[in-house]
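Each chain, letter by letter, is given below.
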Amino acid sequence: MLFRSQLQTISALFTLREDIVLGFEMFPRRVQPALDQWVAGNLSETQFLEQADWSKVWGYDSALYMPIFHFARINKIPMLALNIDRSAVRSASKKGLAQMSEDERQGVSLPAPASADYLELLANTFGGHGHGDAAIEETIKDEHFLRFVDAQLLWDRAMAEQLANVVRSKQAPLVIGIMGTGHIVERFGVPHQLADLGIGQTRVLLPGNDDIPCNEITARTADGIFGLSRYKESPADKKLLLGVHLLNENGAIKITQVVEKSVAETSGLKLGDTFIRIAGRIVDSVDDVVTTVQAMHADTWLPIEVNRDGESLKLVAKFPAEVPVNDSETPD
């Protein structure tokens, strides 16, 4: 539903302005030629995904995104690769921005510092669980956490620069950036970096989250929040689901949400766990998890090994005889 809502928003904006550009977090800058060739109609779906290195740089089910990609192709809407290779983000998380050369940053300029509120938000994310005020004060002094912040800032800055470059062009089109909520919520990430780059007229649109009470949503949270109604798929469309939201965090496939009453919750998987192996195979991407789960059958068991707080933990996911309708494994 999220991706359909994104397409609906894009198509509505396209009826108002035909001079739009679509920017995507999931593509690093080096694959821009593949995006150009796709929009030009010179590549098949398979060729496009291969040349865009999809399985390595993103890995989520491409079918979720293809309607948006096809919309861009049909209407000759430029597609823009916003990201940088994960190697730069991993380098920032290992040694910090201060120790990185411009080449190591892949040409990205030094980002604006994180605000105190952004640091608090990231501190609550760091380690995969919430912290009290005292714990947050300690966390924001931790060297590992500060390098984690550097990696996030580099990621935010890279996407902001790509968006800003298009906005500053002579054509000055309407630029729509499609990215994870963590980069835009409360206007901390990419919007903050855009403001530092002199781009102040930005709007943030977020999907609603049942876990956030309405009274905690403020004007700063976003310029608009849209709700998604829950619906049941037809039996023919049902797939086995583990019931987790996943994030590729510097090469570690991390659980950012466990769906209530899902197979994942029943098996003991928890927020913050990172996958080591699934079905005996090493997990290198989100796609490794998704494809393995979707290859399973009802009433079967799936061995999973995760890292939790620095220790290896082996669990077994037991799929029921009837396929439940849960939230699918999705990017955060």
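Just so you know, the residues in each chain are numbered from 1, in the order the chain's sequence is written. Local features are withheld for residues below a pLDDT of 70 in this predicted model, meaning they are given only at 70 or higher, and side-chain atom pairs are given and counted only at 80 or more; totals for whole chains, interfaces and linings count all residues. Side-chain numbers here rest on the full set of heavy atoms in the structure, without hydrogens or water.

Visitor: What is the right way to look at the overall build of the chain in this model?
Guide: A run of DSSP states H or I qualifies as a helix once it reaches four residues; a run of E qualifies as a strand once it reaches two. Both are numbered from the N-terminal end. If you tally the helices and strands in the chain, you get 12 helices and 11 strands. Relative to its 332 residues, the chain shows a buried fraction of 45%. Taking the contacts inside the chain whose residues are at least 6 apart along the sequence as the reference set, 65% of them involve residues at least 24 apart. Only the protein chains shown count as cover for residues, and the accessible areas themselves come from Shrake-Rupley with a 1.4 Å probe. Split by element, the accessible area of the chain, about 17000 Å² in all, is 51% carbon and sulfur. Categorising residues by exposure relies on relative accessible area from a 1.4 Å probe, with only protein chains included: less than 20% of the type maximum marks a residue as buried, more than 50% marks it as exposed, and the intermediate range marks it as partly exposed. In this analysis, two residues are considered to be in contact whenever any of their non-hydrogen atoms come within 4.5 Å of each other.

Visitor: Just to check I follow, could you spell out helix 2 (residues 32-39) for this structure?
Guide: All of the buried residues in helix 2 are Gln32, Ala34, Leu35, Trp38 and Val39. For helix 2, the angular spread of buried residues about the axis comes to 160°, placing them on one side. With its phi angle positive at about 85°, Gly41 sits one or two positions after the end of helix 2. Note: the arc covers the axis-to-C-beta directions of the helix.

Visitor: Sorry, what's going on with the packing of aromatic side chains here?
Guide: Ring pairs are drawn from Phe, Tyr and Trp, using the six-membered ring of Trp, whenever the two centres fall within 6.5 Å, and their geometry is named by plane angle: stacked under 30 degrees, edge-to-face over 60, tilted for the rest. Counted under the stated rule, the structure contains 13 aromatic pairs. When the centroid spacing of 5.8 Å and the interplanar angle of 80° are considered together, the rings of Phe14 and Phe71 count as edge-to-face. With a gap of 57 residues between them, Phe14 in helix 1 (residues 2-16) and Phe71 in helix 5 (residues 66-74) connect regions that are remote in the sequence. Given the relative accessible area of 15%, Phe14 is considered buried. Taking the centre distance of 5.4 Å and the plane angle of 80° together, the rings of Phe24 and Phe69 count as edge-to-face.

Visitor: Looking at this model, I keep getting lost on the sheet that holds strand 3 (residues 174-178). Mind explaining?
Guide: Hydrogen bonds between backbone atoms are what pair the strands of a sheet, whose relative direction is either parallel or antiparallel. Taken together, the 3 strands give an open sheet; going across it, the order is 2-1-3, and neighbouring strands pair in parallel fashion. A single partner strand is all that each edge strand has here, and the edge strands are strand 2 (79-83) and strand 3. If you compare each strand with its neighbour and ignore which way they point, the axes differ by 35° on average. At least two DSSP bridges between two strands are required for those strands to pair. Across 4 bridges, strand 1 (residues 20-28) lies against strand 2 in parallel orientation. Of the residues in strand 2, the one forming a bridge with Gly23 is Leu80. Every angle, taken between N-to-C directions, lies between 0 and 180 degrees, and every axis is a line fitted to C-alpha atoms, over only the stretch in contact when it is a helix. Of the strands in this sheet, strand 1 and strand 2 are in contact with helix 2, which crosses strand 2 at around 160°.

Visitor: Looking at this model, I keep getting lost on the pattern of salt bridges. Mind explaining?
Guide: Where side chains of opposite charge bring their charged atoms close, a pairing between them can arise. When a carboxyl oxygen of Asp or Glu is within 4 Å of a side-chain nitrogen of Lys or Arg, the pair counts as a salt bridge. Within the structure shown, the criterion is met by 14 salt bridges. Ionic pairing is found between Glu161 and Arg29, a salt bridge with its closest N-O pair at 3.6 Å. Residue Glu161 is located in helix 9 (residues 143-167), and its partner Arg29 is located in the loop between strand 1 and helix 2; the two are separated by 132 residues in the primary sequence. Taking relative accessible area as the criterion, Arg29 reaches 23% and is therefore assigned partly exposed. One salt bridge connects Glu143 with Arg147, and the closest N-O pair in it is separated by 2.7 Å. Here Glu143 pairs with Arg147, and both are found in helix 9, just 4 residues apart, close to one helical turn. The class for Glu143 is exposed, based on a relative accessible area of 54%.

Visitor: How should the environment of Arg29 be read in this particular structure?
Guide: Between the alpha carbons of Arg29 and Ala52 there is a distance of 9.9 Å; along the sequence they are 23 residues apart. With residues near it in sequence (within four places) discarded, Arg29 still touches Ala81, Leu82, Asn83, Ile84, Gln106, Val108, Ala158, Glu161 and Gln162. The definition of a polar contact used here is a pair of N or O atoms within 3.5 Å, where within protein one atom must be able to donate a hydrogen and the other to accept one, and adjacent residues in sequence count solely through side-chain atom pairs. Within the local environment of Arg29, its side chain forms a polar contact with the backbone oxygen of Ala158, the two atoms lying 3.0 Å apart.

Visitor: So what exactly am I meant to see when it comes to helix 12 (residues 286-294) here?
Guide: Think of an α-helix as 3.6 residues a turn; residues three or four steps apart then line up on the same face. Those residues of helix 12 that fall on the buried side of the exposure criterion are Val286, Val289, Val290, Thr292 and Val293. If you follow the buried residues of helix 12, they end up packed against strand 6 (244-249), strand 7 (252-258), strand 8 (274-278), strand 9 (281-282) and strand 10 (301-308).

Visitor: For this particular structure, what's the right way to read the nonpolar core?
Guide: One broad trend across soluble globular proteins is that nonpolar side chains are buried collectively. We call a set of buried Ala, Val, Leu, Ile, Met, Phe, Trp, Tyr and Cys residues a nonpolar core when their side-chain atoms join them within 4.5 Å. Counting residues in each nonpolar core, the largest one holds 55 residues, and the members touching the most others are Phe27, Phe48, Phe69, Met79, Leu242 and Phe275. Setting aside anything within four residues of it in sequence, one finds Phe69 in contact with Phe24, Phe27, Trp38, Phe48, Trp54 and Met79. Counting residues in hydrophobic clusters, the runner-up holds 19 residues, among them Leu80, Leu82, Ala164 and Leu206.

Visitor: Where do I start with the pairing of strand 7 in this structure?
Guide: The side chains of a regular strand alternate, first on one face of the sheet and then on the other. Across 6 bridges, the pairing between strand 6 and strand 7 is antiparallel. Note that in strand 7 the partner of Leu246 across the bridge is Ile255. Linkage of strand 6 to strand 7, two consecutive antiparallel strands, is achieved through a turn of 2 residues, within which Asn250 is found at a positive phi near 55°.

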